[in-house]
Structures are given as structure tokens and as C-alpha cells.
Amino acid sequence: MNIHEYQAKAVLQSFGLPISPGVPALTVEEAVKGAKELPGPLYVVKSQIHAGGRGKGKFKELPADAKGGVRLARSIEEVRANASEMLGNTLVTVQTGPAGKQVNRLYIEDGSDIEKEFYLSVLVDRETSRVAFVVSTEGGMDIEKVAHETPEKIVTFSVDPATGVMPHHGLAVAKALGLSGDLAKQAVSLTTKLYTAFVAKDMALLEINPLIVTKGGELKCLDAKMGFDSNALYRHPDIVALRDESEEDPKEIEASRYDLSYIALDGSIGCMVNGAGLAMATLDIIKLYGEEPANFLDVGGGASKEKVTAAFKIITADPQVKGILVNIFGGIMRCDVIAEGVIAAVQEVGLTIPLVVRLEGTNVELGKQIIRDSGLNVIAADDLDDAAQKIVKAVRGSH
Ligand code: ADP
Ligand code: MG
């Protein structure tokens, strides 16, 4: 789960990290009121969407030479003008995809006098199974480009969980950023606090880009992207409360309510599978036969009839779906439960597209019997290969 920049900064502040004063705003009036609470005379009007690259982004509704999604303003009136130009419009950045995202919130922040911009992120490094820091002097820019063209400018190290963060980690950050004296001391304190926040809140990613040195000689987190491990969210009601559902795919929200692992994809074949490995194999075989999956969906090991019904509804609600493939290997999950769930769902939402069902494992005969007796127009398949070929053929027949 991701949160907005202004929310992430509030979390950082609660761990004592240096951020600028700022006020979130949903309307132009709130933006103006917020700006009046700030010291001035430089303000920054920042679009709050769950995507980066806002500064270089473009608004769909505005002329091509209009300013981007992060704008400097030198007076309250400029804050007002920028806020009214930005709110309600669609910002397209390298991370939003061509459709862009509507800007419904702004963050009005005190403007900083920037001396240097650095890159710093904290993440879970799967290779070392540790929390790792990624640091570069080349901040504010496209870090992927830096990684590709000048990888020597990126310094990475991980933290041993047995010791936790130590002063030498902070000194490594200072060294990588070329900081000495008081700035190096600030880097040590910043590193410790970032690590503490990351672990305490079960973050998956914390990216500060840019981390700046101000003209006054202070380190400050000027941007913050924060993602959380969704498996640990139950421990953090304060973070769950920050969720902005308007930034997420409604199908994924519905799926999370039923504890289904669902990820929307671009293709035409809806998939209902149990087990992440089998789900991946199902996506692969659909592609092998020349079609594209519409989603990844793992209903899990012990899914109930209600869960299966919910899953089926989520799949059929997607207008891109031209056919459905149910692929279940009943181990803990019983094939008869799946069959009942599918039938209950079809009776509730109707079935206007081809449905191929492949069942195998516990109670498979009972499951097949339930589907046969239902009188539904279901195409039965014997194995995964057969199922994939049948659904691809059925979908092709429909367009
Ligand atoms: P994004 O990464 O989505 O483009 P940022 O928050 O990093 O958004 O802002 C883009 C750029 O705008 C920063 O690299 C920085 O140069 C400038 N900027 C952002 N916030 C401020 C601020 N409070 N004061 C001065 N400049 C800022
Ligand atoms: Mg940034």
C-alpha cells in the first residue's frame, strides 16, 4: 500500500526527521489559507498523486508549455493561480502511464533554498534478506537512468538485522554523499531515524528523492515516497487510515476486502486460480497460446464459497474480460467448494462469456458433478494445457 507525499512526510516527522512545513489542500481556498500559514516568500504547490515524476509531468488539459505538477510560487496570489490551474486536471508522468491521474489534492510547502539534491532510498533487499540503503549524489533526476549509465554513482549497503542501524551506516551515507563536519553528523542522525521508521512501520520502500542540503547547511527530506508491506498492515491501523482508495484500482480494493491476491492486467482472459505458483503458470500458458491474461488472481488455499463468489464477480466486472479460465488444484481447497462458488456467482451475476473450468485434486468428481448438474454452459477441461487451448479458442471465437 502506498500513501501520499504529505502523509509520508508526517510519518517522517513523527520519527524526528527534517521536513519542511506544509499544508495539504483539497480546494483552491484551502491552498491559499495553507500558504498564509507558511513563512514564505517562496511556496511550492505540489500535486498529490500516487506516482513520481510529477515535477516533469504534464497536465493533459493544459497547453504543452504549461508548468508541471510541482510548481514554485513567489506569492500567495501565485499559489492561488497555480492551485486553480492544477486541481481537477489530469497529470501525466513517466509513472502514471498515458492515462494520467487526476489531481484532487495539493500540498502547499515552504520553499527551500537548495544547494544540492541527493538520492536516498531504503528498501528490502531480497538477495541479502536485509534492509538496504541506496544512496547517490545524483538526486532529483531519473535514478533508473543513473543506475543504467553511471552505476558507479550509486552506493548500496545493507544493515545486519542482528545489530540494527549503527553510526557507521550513517557515516557510509555521509561518505557516499561527500558530506563532512556537521552535515556528516546530520547524515548519521538521518540514517538512524530513517531505518527506525522503516522497521517500525513495516515499510517496503522509502524513497527520498531529493534529499537536499539547503543553502543554510541543513539536510532535509524534500520528497518522500512510502510503501508498506500489506501483510503487516494489520499491525498499523494508523497507516491503514491513510489509504486513499481513489488512487487504487477499485477491483483490487474489492479483492483485498475478501483477502484475495488480485492484480489487474491488460489482457482478455480472466483467471481464477488457487496458489500463486499455479496462477503464474496459468498466465504463462495463456501467453504461450497467444492470448493475454486480464488478471492474476490467487483465491488461496482455504477459500470459502463466499470468497470464490467474490473473486468471480471481480473478474466479470472487468469489461475487458472476454472469457474466464478457472484452474483449481484441490489440495486443502476442495473442488466441490470451488464448483459451488462458481455456480453461486454465475447465478448472481449471469454468464455472457465463455467459461472453461479445469478441476483436479480433492473431491474432483464431486466438483465436476456439481457443475454438470447445474446446467451451466461450462466448457470442461482435462488438464492445464487443454484448458488454456480451450479458453484461447473460445475467446478468439468471440472477436
Ligand atoms: P517528483 O519527484 O514527483 O517530481 P519532487 O517532490 O521530487 O516531485 O519535486 C520535484 C523537484 O521540485 C525537486 O527535485 C526539487 O527540485 C523541487 N522541489 C520540490 N519541493 C520543493 C520545495 N519544498 N522547495 C524547493 N524546491 C522543491
Ligand atoms: Mg522526487
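Read on for a plain summary of the structure. Worth saying up front: this structure is predicted, and the values here are computed from it rather than measured.

Cut-off values and rules
- Residues numbered from 1 in each chain as written.
- Chains lettered and ligands numbered in written order.
- Predicted model: local features only at pLDDT ≥ 70, side-chain atom pairs only at ≥ 80, totals over all residues.
- Heavy atoms only, no water.
- Salt bridge = Lys/Arg side-chain N within 4 Å of Asp/Glu carboxyl O.
- Helix = DSSP H or I, 4+ residues; strand = E, 2+ residues; numbered from the N terminus.
- Buried < 20%, exposed > 50% of the residue type's maximum accessible area, 1.4 Å probe, protein only.
- Near = heavy atom within 4 Å.
- Polar contact = N/O pair within 3.5 Å; in protein donor to acceptor, adjacent residues only side chain to side chain.
- Areas by Shrake-Rupley, 256 points an atom, 1.4 Å probe, with all protein chains shown as cover.
- Nonpolar A, V, L, I, M, F, W, Y, C, P; charged D, E, K, R; others polar.
- Domains from an automatic or database assignment.
- Donors = N, O, S within 2.8 Å, 3.2 Å for Na, K, Ca; no water.
- Axes fitted to C-alpha atoms, helices over the stretch in contact; angles between N-to-C directions.
- Parallel < 35°, antiparallel > 145°, perpendicular 65-115°, else oblique.
- Left-handed = near helix turned anticlockwise from the far one by under 90°.
- Contact = heavy atoms within 4.5 Å.
- Pairing = 2+ DSSP bridges.
- Phe/Tyr/Trp six-rings, centres within 6.5 Å; stacked < 30°, edge-to-face > 60°.

**Points about the pattern of salt bridges**
- Inspection of the entire model under this criterion finds 24 salt bridges.
- In this structure, Lys 390 and Asp 386 form a salt bridge, with 3.0 Å as the shortest nitrogen-oxygen distance. Taken together, the residues Lys 390 and Asp 386, both in helix H13 (residues 384-397) and 4 residues apart, mark about one turn of the helix.
- A relative accessible area of 29% places Lys 390 in the partly exposed class.
- Linked through salt bridges whose partners overlap, the residues forming this network are Glu 5, Lys 9, Lys 46, Arg 54, Glu 109 and Asp 223.

**A few points about the site of ligand 1**
- Inspection of the region around ligand 1 gives 17 residues, with Lys 46, Arg 54, Gly 55, Glu 109 and Glu 117 positioned closest.
- In the model, an oxygen atom of ligand 1 is placed 2.7 Å from a nitrogen or oxygen of the Gly 55 main chain.
- Between ligand 1 and Asp 110, the relevant distance is 3.1 Å, taken from a nitrogen atom to a main-chain nitrogen or oxygen of the residue.
- For ligand 1, the protein covers 84% of the area, taking 540 Å² as the surface of the free molecule.
- Listed by contribution, the elements that provide at least two residues to the shell around ligand 1 are strand S2 (43-47), strand S7 (106-110), strand S8 (114-125) and strand S11 (203-214).
- Among the residues forming the shell around ligand 1, the class breakdown is 5 nonpolar, 6 polar and 6 charged.
- Shared between two domains, the shell around ligand 1 holds at least three residues of each, these being domain 1 (21-110) and domain 2 (114-240).

**Regarding the coordination of the magnesium ion (ligand 2)**
- Looking at the magnesium ion (ligand 2), the protein donor atoms are Asn 209 (O) and Asp 223 (OD), and they sit 2.1 to 2.2 Å from it. You can see Asn 209 sitting in strand S11 and its partner Asp 223 sitting in the loop between strand S12 (219-221) and strand S13 (225-228), a full 14 residues away along the chain.
- For Asn 209, a relative accessible area of 15% puts it in the buried group.

**A short note on the packing of helix H2 (residues 28-36) against helix H3 (residues 76-86)**
- At their nearest, the axes of H2 and H3 sit 9 Å apart, and the two run at 150° to each other. With respect to their mutual orientation, H2 and H3 come out roughly antiparallel. By crossing handedness, the relation of H2 to H3 is classed as right-handed. Where H2 abuts H3, its residues Val 28, Glu 29, Ala 31, Val 32, Ala 35 and Lys 36 lie against Ile 76, Val 79, Arg 80, Ala 83 and Ser 84.
- Its residues placed into classes, the contact of H2 with H3 shows 7 nonpolar, 1 polar and 3 charged.

**Re the sheet that holds strand S6 (residues 101-102)**
- One open sheet holds the 3 strands; their spatial order is S3-S5-S6, and the pairing between them is antiparallel. Each of the sheet's edge strands pairs with one partner strand only, and the pair in question is strand S3 (58-59) and S6.
- Of the strand pairs in this sheet, S3 and strand S5 (residues 90-92) are connected by 2 bridges, and their pairing is antiparallel. Bridge pairing links Phe 59 to Leu 91 in S5.

**Some details on the packing of aromatic side chains**
- For the coordinates displayed, the defined rule picks out 2 aromatic pairs.
- When the ring of Phe 133 is compared with that of Phe 157, the centres are 5.4 Å apart and the planes differ by 10°; the resulting orientation is stacked. Here Phe 157 lies in strand S10 (residues 154-159) and Phe 133 lies in strand S9 (residues 130-136), a separation of 24 residues in the sequence. Each member of the pair, Phe 133 together with Phe 157, is buried.

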